[in-house]
Amino acid sequence: MKVEAQKTSGRWRFAALHAVFIVVMLSLGELATRMGLLDPTFFGQPSGVARFLWENVPTAKLWIDLGWTMAGVMMSFVFGSVAAFAVGLMFVRWPELERFADPYFNAFNVMPRIALAPLFILWFGLGIGSKVALGFTLTFFIVLSATVAGIRGVSQDHVTLCRTLGAKASTVFFQVTLPGAVPVIFSGLRLGLIYALLGVVGAEIIASERGLGQTLAYLGATFDINGVMALLLVLALLGVAIVRFMTWLEKRLLHWQ
């Protein structure tokens, strides 16, 4: 009980330090803009950002744009992760296939994906399809690398021992290989989800019917810097929430360790 109480107290103290730091930074920003040290036209103003959020959070448009963006992110992440996991298993099972495909995959992976956004928009239109395509290409290679590295990083002694004891191939995979590879695979999934968000928002900024990226581009074009800062804050909080959720999910799946 004493140890648990100390942990709880430590968490509250840590949260309080964060709260104090945020309040101090916002206060300094507000003071700097009011004293003319920073031009709110270019840097925004904390009170203006708060006012923008207060006026727009209750409206339906912000939530529709958020839902549109998150739908694209989740579709990109799911499609990219499933495809990457399947290809990763094939690469591990048939190394010759990996050696053959490696130069082509490397060539596509080093391309600046944001430069492909106009092509995806041309092929798939201004709807969600072009956003999913861009997010897919970013997620796929990250999860693929993590999947191959995770599976190959599993101790071969454990695999050999299970096979010696007569375990089936499926049993070895699901009971030994996959659990051992989960930490590395989840690192790729966590990063892949963040990159899916970056890809979808980036494509929305270039051209889109809806989404936070499209709203962000409009606010920037109209020099509404407070609105830009407010949406950047929303995206930052969204990214933090995604990372925290993936970390929590990983701990739940690896509770046996």
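Residues numbered from 1 in each chain as written. Predicted model: local features only at pLDDT ≥ 70, side-chain atom pairs only at ≥ 80, totals over all residues. Heavy atoms only, no water.

## A look at the overall build of the protein
Formally: Strands here mean DSSP runs of E at least two residues long; helices mean DSSP runs of H or I at least four residues long; both are numbered from the N terminus. When accessible area is computed with a 1.4 Å probe and restricted to protein chains, residues below 20% of their type maximum are described as buried, those above 50% as exposed, and intermediate ones as partly exposed. Throughout, a residue-residue contact means that at least one pair of heavy atoms, one from each residue, lies within 4.5 Å.
For the protein, the count of helices and strands is 11 helices and zero strands. Expressed as a percentage of the 257 residues in the protein, the buried residues total 37%. Within the protein, counting contacts between residues at least 6 apart in sequence, those at least 24 apart form 73% of the total.

## Notes on the nonpolar core
Operational definition: What is meant by a nonpolar core is a set of buried Ala, Val, Leu, Ile, Met, Phe, Trp, Tyr and Cys residues, joined one to another through side-chain atoms within 4.5 Å.
The biggest cluster of nonpolar side chains holds 40 residues, and the ones touching the most others in it are L144, L189, I242 and M246. The dominant element in this core, judged by the number of residues it contributes, is helix 9 (residues 169-206), at 11 residues. What I242 contacts, discounting residues up to four positions off in sequence, is L193, I194 and L197. Listed in part, the six residues of the second largest apolar core include L116, A117, F120 and L134.

## What to know about the side chain of T137
The condition is simple: Nitrogen and oxygen atoms within 3.5 Å of one another constitute a polar contact, given that in protein one can donate a hydrogen and the other can accept it, and given that sequence-neighbouring residues count only through two side-chain atoms.
Residue placement: T137 occurs in helix 7 (residues 128-152). Judged by its relative accessible area of 7%, T137 falls in the buried class. Here L134 takes part through its backbone oxygen, which lies 2.7 Å from a polar atom of the side chain of T137.

## Topic: the packing of aromatic side chains
Each aromatic ring pair is specified by the distance between its two centres and by the angle formed by the two planes. What counts is decided by this rule: Between 30 and 60 degrees the pair is tilted, below 30 it is stacked and above 60 it is edge-to-face, where a pair is any two Phe, Tyr or Trp rings, Trp via its six-membered ring, whose centres lie within 6.5 Å. Only when the NZ atom of a Lys or the CZ atom of an Arg is both within 6 Å of the ring centre and within 35 degrees of the ring normal do we say a charge sits over the ring.
Counted under the stated rule, the structure contains 10 aromatic pairs. Between F100 and Y104, the aromatic rings sit 5.8 Å apart at their centres with planes inclined by 50 degrees, giving tilted as the arrangement. In this pair, F100 and Y104 both sit in helix 5 (residues 95-109), four residues apart, roughly one turn of the helix. Ring geometry for F140 versus F141: centroids 5.1 Å apart, planes at 85 degrees, classification edge-to-face. Judged on exposure class, the residue F140 and its partner F141 are both buried. Among the aromatic side chains, those forming a connected cluster through ring pairs are F91, F105, F108, F136, F140 and F141. Here the guanidinium or amino end of R210 rests over the ring plane of W68, the centre of that ring lying 4.8 Å away.

## Some words on the environment of Q214
The residue Q214 is located in helix 10 (residues 212-221) in this model. Q214 gets classed as partly exposed once you look at its relative accessible area, which sits at 26%. Sequence separation between Q214 and V201 is 13 residues; the distance between their C-alpha atoms is 7.9 Å. Every residue in contact with Q214, bar those within four places of it in the chain, is listed here: E204, I205, S208 and E209.

## Looking at the packing of helix 4 (residues 60-93) against helix 7
The condition that has to hold: Note on geometry: axes are lines fitted to C-alpha atoms, helical ones only across the stretch in contact, with angles between N-to-C directions running from 0 to 180 degrees. Note: crossing handedness is left-handed where the near helix turns anticlockwise from the far helix by less than a right angle, and right-handed where it turns clockwise.
Between helix 4 and helix 7, the shortest axis-to-axis distance is 6 Å and the interhelical angle comes to 35 degrees. By crossing handedness, the relation of helix 4 to helix 7 is classed as right-handed.

## Some remarks on a nonpolar patch on the surface
Note the cut-off: Residues with no salt bridge and a relative accessible area higher than 30% make up the patches, which join like charges within 9 Å and nonpolar side chains (Val, Leu, Ile, Met, Phe, Trp, Tyr) within 5 Å. Computed with a 1.4 Å probe, the accessible areas rest on the Shrake-Rupley method; for each residue, only the protein chains presented here act as cover. Take a side-chain nitrogen of Lys or Arg and a carboxyl oxygen of Asp or Glu: if they are within 4 Å of each other, that pair is a salt bridge.
On the surface, a cluster of nonpolar side chains totalling about 670 Å² of accessible area is made up of V20, F21, I22, V24, M25, L26 and L28. With respect to the helices and strands, L26 occurs in helix 1 (residues 2-34). What makes L26 partly exposed here is its relative accessible area of 46%.

## Side note on the layout of surface pockets
Gaps between atoms show up when a probe of the same size as a water molecule is rolled over them. Defined as follows: Both site types are read off a 1 Å grid over the protein atoms alone. A 1.4 Å probe that fits but cannot get out defines a cavity, while an open set with protein on both sides within 12 Å along at least five of seven lines defines a pocket; lining residues have an atom within 4 Å of a point. Grid points are joined across faces, edges and corners, and a volume is the space filled by probe spheres set on the points. Gly counts as polar in this scheme, as do all residues outside two lists: the nonpolar Ala, Val, Leu, Ile, Met, Phe, Trp, Tyr, Cys and Pro, and the charged Asp, Glu, Lys and Arg.
Put simply, the largest pocket is a space of about 470 Å³. For the largest pocket, the lining is made up of 17 residues, of which L26, Q45, P46, V49 and L233 are closest to its centre. Residue assignment for the lining of the largest pocket shows that the elements contributing at least two residues are helix 1, helix 3 (46-56) and helix 11 (225-253). The leading source of residues in the lining of the largest pocket is helix 1, at six residues. Among the residues forming the lining of the largest pocket, the class breakdown is 13 nonpolar, four polar and no charged.

## Details of the packing of helix 4 against helix 10
Put simply, the rule reads: Angles below 35 degrees are treated as roughly parallel, those above 145 as roughly antiparallel, those between 65 and 115 as roughly perpendicular, and all remaining angles as oblique.
Relative orientation of the contacting elements helix 4 and helix 10 amounts to 125 degrees, with a least axis distance of 7 Å. Between helix 4 and helix 10, the angle is such that the two are oblique. Residues K61, L62, D65, L66 and T69 of helix 4 pack against L212, G213 and T215 of helix 10. Here the residues of the contact of helix 4 with helix 10 are counted per class, giving three nonpolar, three polar and two charged.

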